[in-house]
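Coordinates in review
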Amino acid sequence: MGPRHFLTLLDLSPEELRYLIQRAITIKNGLKAHGPTYTPFTNRTMAMIFEKSSTRTRVSFETGMAQFGGHALFLSPRDTQLGRGEPISDTARVLSEMVDIVMIRTFSHTGLEEFAAASSVPVINALTDDYHPCQLLADVMTWTELRGSVRGRTAVWVGDGNNMCHSWINAARQFDFNLRVCCPEGYEPRADIMAAAGDHVTLMRDPMAAAQGADLITTDVWASMGQEEEQAKREADFTGFQVTESMLDIAADDVLFLHCLPAHRGEEISTTLLDDPRAVVWQEAGNRLHAQKALIEFLLLGQVSH
């Protein structure tokens, strides 16, 4: 039997994902109480392949491996044979002989799947153009920490139907909550991903209507990495889709606001939204560390009881 990979949220069962969320909370609480004393991966190594720039992803994975007693190697295309045309499957086979687990932040999801197919060690999707599942682990962890079970709750995605939106759709399926996707015409998420989620997901056009009574509201930048040349057009197309305090005011009384960061104040969010107590983005960002530690542990050891 081959290794378990984490390329999308659908690679784990709903039960395994719920376990991961609770395990992440346990790991976080243990770290705060005792410091990094739990070191199950002494002398184990993670290769981190970055084709896209990163702050939270690199720091969280590298810190997580260090706290576990292991080591993380930062690899960029500029510094490796991947940048000189070595087939991705060959790189996967070579790294499988040397490291225990691989994390990849890249553009092509198909390329990631090709890498994982050739790898004999677990591979983690740290972001592709199609999905960002690690961010969703941190997001659902934050929601769960603050509000308990998310099952049957209502979340709202406002903005571009991008990789983050795709992962929110998969999360609605796997964690059994309702998702209202609110985007301008022409910026819808992929139809096949929407269809697979069935009645967990509703497509809407009016952000204020979508926010009505919602338990959670979230968004992302209007122009993601690689789309900078579309910035002006996107700003025009997304007029009216900025998340503001008034949008939160018509949601549930205990609504939370999430953002995967970095945020562009004055664009997809109002300039003051992150100062609102309903915005819990710093806790969300910090939870990347704990959720990914739970994921690394799960992929290398399976479920643990302590």
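Residues numbered from 1 in each chain as written. Predicted model: local features only at pLDDT ≥ 70, side-chain atom pairs only at ≥ 80, totals over all residues. Heavy atoms only, no water.

**Description of the overall build of the protein**
For clarity, the threshold we go by: Helix and strand definitions follow DSSP, with helices as H or I runs of at least four residues and strands as E runs of at least two, each counted in order from the N terminus. Values of the radius of gyration come from C-alpha atoms, whereas the globule rule sets the reference at 2.2 Å times the count of residues to the power 0.38. Note on exposure labels: buried denotes an accessible area under 20% of the residue type's maximum, exposed denotes more than 50%, and partly exposed covers the range between, all computed with a 1.4 Å probe on protein chains only. Surface accessibility in these figures is a Shrake-Rupley result with a 1.4 Å probe; residues are shielded only by whichever protein chains are displayed. Under the counting rule used here, the positive set is Lys and Arg, the negative set is Asp and Glu, and His together with the chain ends is not counted. The atom standing in for a charge is NZ when the residue is Lys, CZ when it is Arg, CG when it is Asp and CD when it is Glu.
In terms of regular secondary structure, the protein is built from 11 helices and nine strands. The C-alpha atoms of the protein give a radius of gyration of 19 Å, which matches the 19 Å a tight globule of 306 residues would have. Considering only C-alpha atoms, the protein reaches an extent of 55 × 45 × 35 Å along its principal axes. Out of the 306 residues belonging to the protein, those deemed buried represent 56%. Just so you have it, the protein exposes about 12500 Å², and 50% of that area is on carbon and sulfur atoms. Each charge class in the protein can be summarised by its mean position, and for the 26 positive and 40 negative side chains these summaries are 5 Å apart.

**Points about the sheet that holds strand β8 (residues 216-219)**
Threshold: Two strands pair if DSSP finds at least two bridges between them. Axes here mean lines fitted to C-alpha atoms, for a helix over just the part in contact, with angles spanning 0 to 180 degrees between N-to-C directions. Contact definition: two residues touch when any of their heavy atoms are within 4.5 Å.
Reading across the sheet, the five strands line up as β7-β6-β5-β8-β9 and stay open at both edges, with parallel pairing between neighbours. Edge positions in the sheet fall to β7 (201-204) and β9 (256-259), since each has one partner strand and no second. Neighbour-to-neighbour, the strand axes of the sheet open up by a mean angle of 20°, direction not taken into account. Bridge count for strand β5 (residues 154-158) against strand β6 (residues 178-182) is five bridges, and the pairing is parallel. Bridging across to β6, Trp-157 finds its partner in Val-181. In the packing of helix α5 (residues 133-147) onto the sheet, the strands contacted are β5, β8 and β9, and the crossing angle to β9 comes to about 160°. Along the sheet, helix α6 (residues 163-175) contacts β5, β6, β7, β8 and β9; its crossing angle with β6, the most-contacted strand, is approximately 155°.

**What to know about the sheet that holds strand β3 (residues 101-105)**
Read across the sheet, four strands follow the order β2-β1-β3-β4 without closing on themselves; strand pairing throughout is parallel. A single partner strand is all that each edge strand has here, and the edge strands are β2 (71-75) and β4 (123-125). Put simply, the sheet's adjacent strands are angled 20° from each other on average, direction ignored.

Everything listed here is a matter of coordinates, which is why it stays silent on function.
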